[in-house]
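These are the residues of each chain, in order.
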Amino acid sequence: MATASIKCSKPADNKDSSDGCNCARQGLEQADWKLILELLEAERNELPGEIHHTDGFRMHEELIQRKHQIEKLIKHVQTLQA
């Protein structure tokens, strides 16, 4: 699976941002981020059952990769909320 990197052309006005950009925060309210976090956590909680009941090796590996990706996104959103 290919990954894409998104670079921001705007200068950061938040020196605490780990990637030097705060564009991810723009346009979304705190309630939006809370909902995104809840959706990600719900997906993460459903994946172990899906992984357990998957017979195909490829699909099993894709679901494990998805779980890792969701966990990474959860940490990122939690950082943005701080």
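Everything below is about the structure shown above.
Everything in this summary refers to the structure shown in the same document. Positions within a chain are numbered from 1, following the residues in the order the chain's sequence is written. Local features in a predicted model are, by the rule used here, given only for residues with pLDDT of at least 70; side-chain atom pairs are given and counted only at 80 or more, and totals for whole chains, interfaces and linings are based on all residues. Hydrogens and waters are ignored; side-chain quantities use all the structure's heavy atoms.

Inspection of the secondary structure assignment puts leucine 37 in helix H1 (residues 30-52). On a C-alpha basis, the gap between leucine 37 and isoleucine 74 in space is 6.3 Å, while along the polypeptide they are 37 residues apart. Residue contacts for leucine 37: discarding those within four places in its chain leaves Ile74, Val77, Gln78 and Gln81. Secondary structure follows DSSP: runs of H or I at least 4 residues long count as helices, runs of E at least 2 residues long count as strands, and numbering of each begins at the N terminus. Two residues qualify as a contact provided that any one of their heavy atoms is within 4.5 Å of a heavy atom in the partner residue.

Let us now look at the environment of lysine 67. Within the secondary structure, lysine 67 is located in helix H2 (residues 57-81). Lysine 67 sits 21 residues away from glutamate 46 along the chain, and the two C-alpha atoms are 9.6 Å apart. Those residues in contact with lysine 67 that sit more than four places away from it in its chain are Leu47, Pro48 and Ile51.

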